[in-house]
Every structure is written in C-alpha cells, then in structure tokens.
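Next come the chains, spelled out residue by residue.
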Amino acid sequence: MTQELSSSLPGNFIREAIEEDLRTGRFNYVRTRFPPEPNGYLHIGHAKAICIDFGMAQTFGGQCNLRFDDTNPVKEDVEYVDAIKEDIHWLGFDWEGREYYASDYFEQLYQFALKLVRKGKAYVDDLTADQIREYRGTLTEPGKESPYRHRSVEENLDLFQRMRNGEFPDGARVLRAKIDMASPNINLRDPVMYRIIHTPQHHRTGNQWCIYPMYDFAHGQSDSIEGVTHSLCDLAYEDHRPLYDWFLNELEIFHSRQIEFARLNLTYTILSKRYLKQLVDGGHVHGWDDPRMPTLCGMRRRGYTPEAIRNFINQVGVAKKENLVDISLLEYLVREDLNKRALRVMGVLNPLKVVITNYPDGQVESLEAINNPEDPAAGTRQVEFSKVIYIDQDDFREEPPPKYFRLAPGREVRLRYGYIIKCEGFVKNSTTGEIEEVHCTFDPQTKGGYAPDGRKVQGTIHWVSAHSARDAEVRMYDRLFTVPDPSRAEEGKSFLDYLNPNSLTVLKGCKIEPGLANAIPGSHYQFERKGFFCVDLDSTPDRPIFNLTVPLRDTWAKIEGTQKNKPD
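Residues numbered from 1 in each chain as written. Predicted model: local features only at pLDDT ≥ 70, side-chain atom pairs only at ≥ 80, totals over all residues. Heavy atoms only, no water.

Caption draft 1: View of the overall build of the chain. Within the chain one finds 13 helices and 27 strands. Projected onto its principal axes, the C-alpha positions of the chain cover 100 × 55 × 50 Å. Looking at the chain as a whole, 51% of its 568 residues are labelled buried. The contacts in the chain between residues at least 6 apart in sequence include a share of 71% that link residues at least 24 apart. If you sum the accessible surface of the chain, you get close to 25800 Å²; carbon and sulfur atoms cover 47% of it. Charge centroids of the chain, computed over 72 positive and 85 negative side chains, lie 2 Å from each other. (Helix = DSSP H or I, 4+ residues; strand = E, 2+ residues; numbered from the N terminus. Buried < 20%, exposed > 50% of the residue type's maximum accessible area, 1.4 Å probe, protein only. Contact = heavy atoms within 4.5 Å. Areas by Shrake-Rupley, 256 points an atom, 1.4 Å probe, with all protein chains shown as cover. Lys, Arg positive; Asp, Glu negative; His and termini not counted. Charge placed at Lys NZ, Arg CZ, Asp CG, Glu CD.)

The following block contains the structure:
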C-alpha cells in the first residue's frame, strides 16, 4: 500500500475502538485480515471490506493479511483465487506476501477439534442435515438435544478419527460443539464444526482430507493462529461473535477482537454472490466480468477506476446500521474522476452523412483539438476535416421542436473545433422516408468556430470526417435492474423479474476518429457530448469496441424526478 491509499475512513467507531485497544494495552500492534471465500468473484460490497481491512491496518502502521477461507471444496476454484488477488491489486492494495489459506491450518484446526472432544465439549452426531435443522428449534422455541449428544469421550474420539480416515459417506456424521440447545442465540445450539466431503478434491490439499471445518469453526481460530488483533466483519456475523468467543475461550488461545460494520447495499444492484452466480449461470449476463455486473472485474471492464471506487467507499463511510446507498453517488464520483483523466475525442454513435457542398472536392485539412481542458499537459491533437462528415442523427431535425439549437433546415450550427455550417437541404430514402443525407454550406471565415461578423450561433455539435473515420462497435450500458431494490421482490416474483431489458444496446457502424482504432484496451475516453467510454478487452484495430462507462449526465435522476413530480 502506498501513502496515497491511506483511505482509512476517518472518524468512525472502528478507528476509535482500535485506538482504545492500543491505549489500554489490550494489543500493542494492529493486524487485520481480508478473508474471502474463493467461490465467486469480488463485488463492490467486498471493496468496502477491503478498504476497511487494509485501510485500518495502514492507518495504525500495522499489517493486513489476505486469507482465503477455502473450507468448502464443493464451491471453490483456483479461478476465483486468482481473480480475487487480481481485483485486490487493481483496487490498489497489497498483502505484502502474507497470503494464507484456511487449508494451511487444517491439521491445527483438527487438533483444536480433538481438544474440544477430549474436554467433552464436542460430539459426533448421526442426525441428518434435515434432522439437525428440525432439532435446532426456532427463534421463539428452544431446540432439543440429539440422541447422540451424550456419547462418551472415547466413542467420540474413535468416530471422529474414523470420519477423518474416510470410513463414512458424505452426510453420515458430523462433529458438533456441545453448548446449549436452549440458548436464545440459535448459533449456540450445538453448531456443526465438521462435515464429510469426499468429492470434489480440495483445490490445494487434494484428497488429503475428507472432513472439512465449517466457516464458524475455522474463522476465529484462523484469526488466532495468525495473531490478528482486529477481526472486522459485516453485521451478519454479530450474532456469531458469542460462538467465536466460546471456541477461543474453550481452546484457551489468542483472542482477536471482532468488530462489525454495516455492509454496502447499492440501489439497482444485487450484491449476493449466490444471485450473481445465477445471473451468470442463467445466461442473463455475459460472465462475471460483464460490464453490467457489480463485480470489480465487471466495473473495471466498464471503465470504472479504482480511485473512484475508493473515493466512493470513503464517502459512504463506516456505519453500524444497514442502509441503501444511491448508485448515482458512485456514478457521480466516476464522472468526477474520469473528467480529470479521460482524453476528449469525437465519436458519432448514430451516423448521419453531411455533405458540405461548397467545400472543395478532394481537399482535406487538419484542425487543432484540445485533448482535455481539465489537464493542460494533455496537449492537443489534429483532427481531419473534409467535404463529407458524419454527425449524430439526434443533431438534425427536419422539423425542430422548441428550444432545439442543433442543425435544421435554414439553421446554422458550429462544428466543434471546425467551421460554422448552414443546412441548405436534405435527401430522404424513397422507400423508408428516413433522412439519409444532409446538404450544408460552410463559412470559410469561421475556422475554429468563431464568426468575424459577430453573429451568434447557439448550437455546437461533434462530428467525424468521412475521409478518415473508422467504424466501431459501441456498447451502451444501463442499470441491470429496473427497481431500486431488486432483492425485495414482490410475492411470487424473484429478482430476475426486475432485469432491465434495455441494460445493453449494441451499436454497430459507429464512426470514430482514426487514432482510436489503436486505442489500448482499458483506456478511457470522453466522447464529447455523449459520455465516458472505455476500450473493451476484446477490442482490436480491425474491430474497435467501446463500452459506455457513464453518460455525461445522470439521465436516471432526471427520469425519476419527472416521475416524482407527476400529479397523482
């Protein structure tokens, strides 16, 4: 981590708790950890945890470990491990070689389990998973004890050893903690510590193990083994903290302090790996890195920057209460960041041919264009001008509506960096009636867009010379869902019922400046008057592809504002 990334979310209760622990001598160092499960790709909700875990460690001159909670081989894959590491680095953080896995501690965790069995604090249970759920009780009714709860220590040791040796099939037996089946905290009602999984093999340990610890058993002990001082978790684990404390106290090992914070919830977004996997597996999106996905790899492909995401996490802050954050804030911060760094270019998304009738045939000239008015160091570039150009179809109207200041019959507009042109006529398709070509004249005295006679021209439009324009594919992305909170589905519906059918529109035959054909995948541009775009990973010089990152204006806010102002 560099000093620039010391985004430690100032003035929050986590920082205050760590300061207190250092002041009172509870700990004399700070060590946190980010513990992802390698069963999917990271999303922006994980970005909040990453910024908190790494940011707090950096704030106090400490360390943050990366530890994969790889305790369930059924759902895990090396693909996810590699993707998680790539995303963390992209976000701007580094674990400095402290890369650990829960599987590193399988033998130690097994010995911890044996200790609890010997103390009479754990037992082997033959109940099925369904029976265990049934026996657990409800939030208002206590559970009941398993008939196998009072096995002797010797019998439990023998059965647990045989579980490890692979003598029993999946689901035949589990190891459970012996705590309190009447506890008001359902997590303390003899939770399962180990289950049997023969296949698939573990991605790191192969067939060495066929019993695997549950997350609730591996989590706190792994923190203890690594000497983690502050285990920072989301609020979902608050009710699990008494269980973690019980394990650590019974095992008499180093005790980390767990502090919970509210997870990130974002409008028009699903932040559940299970639901995101449904989107991928069901073909509703084109993979985990689809630019409509809230995954970090999807946001990266769409053109979001790590700086904007970190700034967003800082602005959201750290809270103890769940709330729904408006995605417009994230989009605003992406615009703000890209406005400083993205080069300005001209791209025509829905081309309309314009012939400048009084421009000399065969003549081509260069005009100077500013690369980024926010960054003088970005300099200028040359853009080609010729007799035939392309403009966007929206920039011409045969019958212009009120307050329409773009091109129309008899009207003048200013071409960005070019000349003032006037519409003298147009040609329609004889079959469809659509306008195919607009005829204009240009004023040669207005190079650069300024009229020596002082006449005012209100409209300025972008364009591309037909002589050198390159064809491109532009993917226009919108929000993936049509409602602010798709996780709260109406009765009889699921989040899939709220998918936005217009979340992706692919435009082919768009016209771009010739230099953009060789743009490097991942680079950012502002298409003037349209929005910020990112060069897609699949883009090639022969087939340039651009993804819409964010439009220049928040069109959703305008739509919602209009709807709110409608009379009942």
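Resuming the write-up.
Caption draft 2: How the structure looks around the packing of helix 4 (residues 106-118) against helix 7 (residues 215-226). For the pair helix 4 and helix 7, interaxial distance at closest approach is 11 Å and the crossing angle is 110°. Taken together, the axes of helix 4 and helix 7 lie roughly perpendicular to each other. In the crossing of helix 4 with helix 7, the sense of the turn from one axis to the other is right-handed. Packed against helix 4, whose contacting residues are Q108, L109, F112, A113 and L116, the element helix 7 presents F217, A218, Q221 and I225 at the interface. Along the lines of polarity and charge, the residues of the contact of helix 4 with helix 7 split into 7 nonpolar, 2 polar and no charged. (Axes fitted to C-alpha atoms, helices over the stretch in contact; angles between N-to-C directions. Parallel < 35°, antiparallel > 145°, perpendicular 65-115°, else oblique. Left-handed = near helix turned anticlockwise from the far one by under 90°. Nonpolar A, V, L, I, M, F, W, Y, C, P; charged D, E, K, R; others polar.)

Caption draft 3: Quick look at helix 6 (residues 153-164). Here helix 6 contains 12 residues, and its C-alpha end-to-end distance of 17 Å stays within 8% of the 16 Å for a straight helix at 1.5 Å per residue. Those residues of helix 6 that sit buried are N156, L159, F160 and M163. Projection of helix 6 onto a plane perpendicular to its axis shows the buried side chains occupying an angular sector of 100°, all on one side. Buried residues in helix 6 make contact with helix 4, strand 4 (122-125), strand 5 (174-177), strand 6 (192-196) and strand 7 (211-213). A positive phi of about 85° marks G166, the residue just after helix 6. (Expected span 1.5 Å × (residues − 1). Arc of directions from axis to C-beta.)

Caption draft 4: Structural context of helix 9 (residues 273-281). Every buried residue of helix 9 is accounted for by K273, L276, L279 and V280. Along helix 9, the residues classed as buried sweep out an arc of 115° about the axis, all on the same side. Turned more than 90 degrees from where helix 9 packs its buried face, R274 and D281 sit exposed. Residues of helix 9 that are buried sit in contact with helix 2 (44-59).

Caption draft 5: Here's a closer look at the pairing of strand 9 (residues 257-261). Counting buried positions along strand 9 yields 4 of 5 residues, so the element is predominantly enclosed. Handedness of the strand 8 (residues 230-234)-helix 8 (residues 241-251)-strand 9 crossover: right-handed. (Right-handed = clockwise from strand over helix to strand, strands pointing away.)

Caption draft 6: Summary view of the packing of aromatic side chains. Using the criterion set out here, one finds 26 aromatic pairs in the structure. Both rings, one in F68 and one in Y101, keep their centres 5.1 Å apart while their planes meet at 20°; by these two values the pair is stacked. Of this pair, F68 sits in strand 2 (residues 63-68) while Y101 sits in strand 3 (residues 99-101), and the two are 33 residues apart along the sequence. Ring pairing ties together the aromatic residues F106, Y110, F160, Y194, W209, Y212, F217, W246 and F247, which thus form one cluster. Over the ring of Y110 we find R164; its NZ or CZ atom is 4.6 Å from the centre of that ring. The ring of Y101 is capped by R204, whose NZ or CZ atom sits 3.9 Å from the centre of that ring. (Phe/Tyr/Trp six-rings, centres within 6.5 Å; stacked < 30°, edge-to-face > 60°. Lys NZ or Arg CZ within 6 Å of the ring centre and 35° of its normal.)

Caption draft 7: Geometry of the sheet that holds strand 1 (residues 31-34). Sheet architecture is open: 3 strands sit in the order 1-2-3, paired in parallel fashion. Of all strands in the sheet, those with a lone pairing partner are strand 1 and strand 3, marking the two edges. Averaged over neighbouring strand pairs, the angle between their axes works out to 35° when direction is ignored. On the sheet, helix 2 packs against strand 1 and strand 2 and is oriented at approximately 160° with respect to strand 1. Along the sheet, helix 3 (residues 78-91) contacts strand 1, strand 2 and strand 3; its crossing angle with strand 2, the most-contacted strand, is approximately 155°. (Pairing = 2+ DSSP bridges.)

Caption draft 8: Structural context of the nonpolar core. If you look at the biggest cluster of nonpolar residues, it comprises 50 residues, and the most contacted ones within it are I14, I44, I88, I309 and F312. Sorting the residues of this core by element identifies helix 1 (13-24), helix 2, strand 2, helix 3, strand 9, helix 10 (296-302), helix 11 (306-316) and helix 12 (327-341) as the ones contributing at least two each. Among the elements that line this core, the one with the most residues is helix 2, at 9 residues. Once you skip the residues sitting within four places of it in the chain, I309 turns out to touch I44, A47, W90, L91, L296, M299 and Y304. Counting 31 residues, the second largest nonpolar core, distinct from the first, contains F112, L114, L188 and W246. (Core = buried A, V, L, I, M, F, W, Y, C linked by side-chain atoms within 4.5 Å.)

Caption draft 9: The sheet that holds strand 24 (residues 504-512), seen in detail. Ordered in space as 12-25-26-27-23-24-13, the 7 strands form an open sheet in which the pairing is mixed. Each edge of the open sheet carries a strand with a single partner, namely strand 12 (343-345) and strand 13 (347-348). When strand 23 (residues 470-477) meets strand 24, the two strands line up antiparallel, connected through 7 bridges. When the sheet's bridge partners are listed, R470 is paired in strand 24 with I512. In the packing of helix 12 onto the sheet, the strands contacted are strand 12, strand 25 (524-527), strand 26 (531-535) and strand 27 (545-551), and the crossing angle to strand 27 comes to about 120°.

Caption draft 10: Inspection of the environment of H467 at higher detail. Here H467 is to be found in the loop between strand 22 (464-465) and strand 23. Excluding residues that lie within four positions of it along the chain, H467 makes contacts with V364, E384, S386 and V388. Side chain to side chain, H467 and E384 meet in a polar contact 2.7 Å long. (Polar contact = N/O pair within 3.5 Å; in protein donor to acceptor, adjacent residues only side chain to side chain.)

Caption draft 11: Focus on the environment of N502. In this structure, N502 sits in the loop between strand 23 and strand 24. A residue is classified by how much of its surface remains accessible, and N502, at 51% relative accessible area, is exposed.

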